[in-house]
Amino acid sequence: MSKVLRSVLTGVGGYLPETVVTNDDLAKFVDTSDEWIRERTGIHKRHKIADDQGVSDLATEAAKRALAAAGRTAAEVDLIVVATTTADLTFPSVASMVQRKIGAPIGIAFDVQAVCSGFVFALSVADGFTARGLSKCALVIGAEAMTRLMDWEDRGTCILFGDGAGAVVVEPGEGKGDNTDKGLLGFSLKCDGTKQDLLYVDGGPSTTGTVGKLRMQGNQVFKHAVVNISQAVLDAAEAANIDVADVDWFIPHQANQRILAGVAHRLGIDENKVIQTVAEHANTSAASIPLAMDQAVRDGRIKPGQLLLMEAMGGGLTWGACVVRL
Ligand code: ACO
């Protein structure tokens, strides 16, 4: 049988900033309530980046933990891909800052911008290097400070988001070329640029010269999320030549409990197989999938050899899914 190079996930790590903001904390300055937020979103609390932290600091901590879990050192890292929409500076990339902060040698480092879908897109980019023999030890990181993009007077958005970072180490591994291989097995990635107005940030370096604030038509995004994510799950499963029923764990982007339930219902997925962290983390955009994976690996639910399916949707609109055997 022919042999193929697979991109194998060998370690995962997560980092959440110390400060916790509860729904009651938000209700002190915006017209909302703990009851409304829990009922409509499933969110109980979120973490908030400290004033003296940048996203690269969150990403660096997550990267160190992922390297430790993989039994690798920074000296071995030859590729860093960071999915983020809240970089420390307009440039250089967060990835180049992480390279310096962990002490990795000169190599490849850059950011990927696909908002909440960013981690899935970044994994596909790293797969392009690893599966072609161009990287032996890659860090793929999702890191966000979404609270820095909030309009704290807009109760329809400021209650939804939180900050954090998650990372995985990706290394090459030999496979047979079928769905029993360890590693990334199939992707589905999409963008529909005509839906920009549903979810965007109203500032940027080439327009306003400011960072801007997040704007969203929440109920429209909600409808597209359930339909698009469900299709992405089916497409990624087909690309990986697996049946959705064979998946051990679904690791969705954690936007809203009702979106997770809606997708599970539409596809007939047992909700007990869906890793859920939205209650504690809220929506951490590109960080939410690796943060959820980290939690479920550490608490022993996700085990080596199991089949995982990650899925997300975000601004763009972008959406995607990927299948990986651990
Ligand atoms: N507290 C109390 N009332 C609120 C709040 C709040 N925080 N936010 C909105 N409301 C009010 C509205 O003003 C409206 O009041 P009205 O009827 O008097 O006008 C009412 O609640 C209903 O508003 P809707 O926007 O229709 O409420 P909906 O049930 O759609 O819930 C929500 C809003 C939670 C934003 C939901 O649409 C949602 O989660 N959408 C998905 C958005 C998302 O997750 N985006 C993240 C990025 S994309 C992604 O990650 C998938």
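Residues numbered from 1 in each chain as written. Predicted model: local features only at pLDDT ≥ 70, side-chain atom pairs only at ≥ 80, totals over all residues. Heavy atoms only, no water.

Draft legend 1. Representation of the domain arrangement of the chain. The domain boundaries assigned to the chain delineate domain 1 (4-175) and domain 2 (183-325). Between domain 1 and domain 2, the C-alpha centre-to-centre distance is 14 Å. Of the roughly 3700 Å² buried between domain 1 and domain 2 on both sides combined, carbon and sulfur atoms contribute 69%. For the domain 1 face of the interface with domain 2, the top three residues by lost area are Cys116, Val120 and Leu149, together amounting to 17%. Remark: the boundary between domain 1 and domain 2 carries one salt bridge. The shortest N-O distance in the salt bridge between Arg215 and Asp151 comes to 2.9 Å. Applying the counting criterion to the domain 1 and domain 2 interface returns 17 residue pairs in polar contact (both at pLDDT 80 or more). At the level of elements, strand S1 (4-15), helix H2 (34-41), strand S3 (45-48), helix H5 (118-130), strand S6 (138-145) and strand S7 (163-175) are the ones that each hand at least two residues to the side of domain 1 that touches domain 2. No other element matches S1, which puts eight residues into the side of domain 1 that touches domain 2. Of the residues assigned to the side of domain 1 that touches domain 2, the class counts are 23 nonpolar, 18 polar and ten charged. (Domains from an automatic or database assignment. Buried area = accessible area lost by both parts, 1.4 Å probe. Salt bridge = Lys/Arg side-chain N within 4 Å of Asp/Glu carboxyl O. Polar contact = N/O pair within 3.5 Å; in protein donor to acceptor, adjacent residues only side chain to side chain. Helix = DSSP H or I, 4+ residues; strand = E, 2+ residues; numbered from the N terminus. Nonpolar A, V, L, I, M, F, W, Y, C, P; charged D, E, K, R; others polar.)

Draft legend 2. Region of the structure containing the sheet that holds strand S11 (residues 249-252). Strand order in the open sheet formed by four strands is S8-S13-S12-S11, and the pairing between neighbours is mixed. The two strands at the open ends of the sheet, each matched to only one other strand, are strand S8 (183-191) and S11. Adjacent strand axes in the sheet meet at a mean angle of 15°, parallel and antiparallel pairs treated alike. Relative to strand S12 (residues 307-314), S11 is paired through four bridges, and the arrangement is parallel. Bridging across to S12, Ile251 finds its partner in Met310. (Pairing = 2+ DSSP bridges. Axes fitted to C-alpha atoms, helices over the stretch in contact; angles between N-to-C directions.)

Draft legend 3. Structural view of the sheet that holds S6. Spatially, five strands are ordered S1-S7-S6-S4-S5 in an open sheet, and the strand pairing comes out mixed. At either margin of the open sheet sits one strand with a lone partner, and together these are S1 and strand S5 (108-112). Strand-to-strand twist of the sheet, defined as the mean angle between neighbouring strand axes without regard to direction, takes the value 20°. By the bridge criterion, eight bridges tie S6 to S7 in an arrangement that is antiparallel.

Draft legend 4. Inspection of the packing of helix H6 (residues 218-239) against helix H7 (residues 257-267) at higher detail. Where H6 contacts H7, the two axes come as close as 9 Å, and the packing angle between them is 45°. Considering their axes alone, H6 and H7 lie oblique with respect to each other. By crossing handedness, the relation of H6 to H7 is classed as right-handed. Contacts between H6 and H7 involve Phe222, Ala225, Val226, Val227, Ile229, Ser230, Val233 and Leu234 from the former and Arg258, Ile259, Gly262, Val263, Arg266 and Leu267 from the latter. Looking at side-chain class alone, the contact of H6 with H7 contains ten nonpolar, two polar and two charged residues. (Parallel < 35°, antiparallel > 145°, perpendicular 65-115°, else oblique. Left-handed = near helix turned anticlockwise from the far one by under 90°. Contact = heavy atoms within 4.5 Å.)

Draft legend 5. Structural context of the pattern of salt bridges. All chains considered together, the criterion is met by 14 salt bridges. Where Lys64 meets Glu61, a salt bridge forms, and the shortest distance between an N and an O atom there is 3.9 Å. Of this pair, Lys64 and Glu61 both sit in helix H3 (residues 55-70), three residues apart, roughly one helical turn. Residues joined by salt bridges that share partners form a network here, namely Arg72, Glu76 and Glu171.

Draft legend 6. Seen up close, the layout of surface pockets. Taken as a whole, the largest pocket spans an internal volume of roughly 960 Å³. Thr85, Thr86, Gln113, Leu149 and Val211 are the residues nearest the centre of the largest pocket, which is lined by 40 residues in total. For the lining of the largest pocket, the elements supplying multiple residues, two or more each, are S5 and strand S9 (199-201). If you tally residues by element for the lining of the largest pocket, the top one is S9, at three residues. Of the residues that constitute the lining of the largest pocket, the class distribution is 18 nonpolar, 18 polar and four charged. The two domains that each donate at least three residues to the lining of the largest pocket are domain 1 (4-175) and domain 2 (183-325). Of the volumes computed, that of the second largest pocket is approximately 500 Å³. Taken together, 27 residues make up the lining of the second largest pocket; nearest its centre are Leu160, Met216, Gly218, Phe222 and Asn256. With six residues, the top contributor of residues to the lining of the second largest pocket is H6. (1 Å grid on protein atoms, 1.4 Å probe; cavity = no way out; pocket = protein on both sides within 12 Å on 5 of 7 lines; lining within 4 Å. Points joined across faces, edges and corners; volume = space filled by probe spheres on them.)

Draft legend 7. Examining helix H9 (residues 288-298) more closely. Judged by how many residues are buried, H9 sits mostly within the fold: eight of eleven residues are covered. Residues Ser288, Ile289, Pro290, Leu291, Ala292, Met293, Asp294 and Ala296 constitute the buried set of H9. In the stretch just after H9, Gly300 is the one whose phi turns positive, near 90°. (Buried < 20%, exposed > 50% of the residue type's maximum accessible area, 1.4 Å probe, protein only.)

Draft legend 8. Here's a closer look at the site of the ligand. Taken together, the neighbourhood of the ligand is formed by 23 residues, with Thr32, Arg40, Arg155, His253 and Asn256 sitting nearest. The contact in question runs from a nitrogen atom of the ligand to an N or O atom on the side chain of Thr32, over 2.7 Å. For the ligand, a nitrogen atom lies 3.5 Å from a polar atom in the side chain of Trp36. Bound to the protein, the ligand loses 74% of the 1000 Å² it would expose on its own. Of all the cavities here, the one that holds the ligand is the second largest pocket. Among the elements that make up the shell around the ligand, the one with the highest residue count is H6 (four residues). A breakdown of the residues in the shell around the ligand according to their chemical character gives eleven nonpolar, eight polar and four charged. Taken together, domain 1 (4-175) and domain 2 (183-325) each give at least three residues to the shell around the ligand, which thus spans both. (Near = heavy atom within 4 Å. Areas by Shrake-Rupley, 256 points an atom, 1.4 Å probe, with all protein chains shown as cover. Sits in = over half its atoms within 2 Å of the grid points.)

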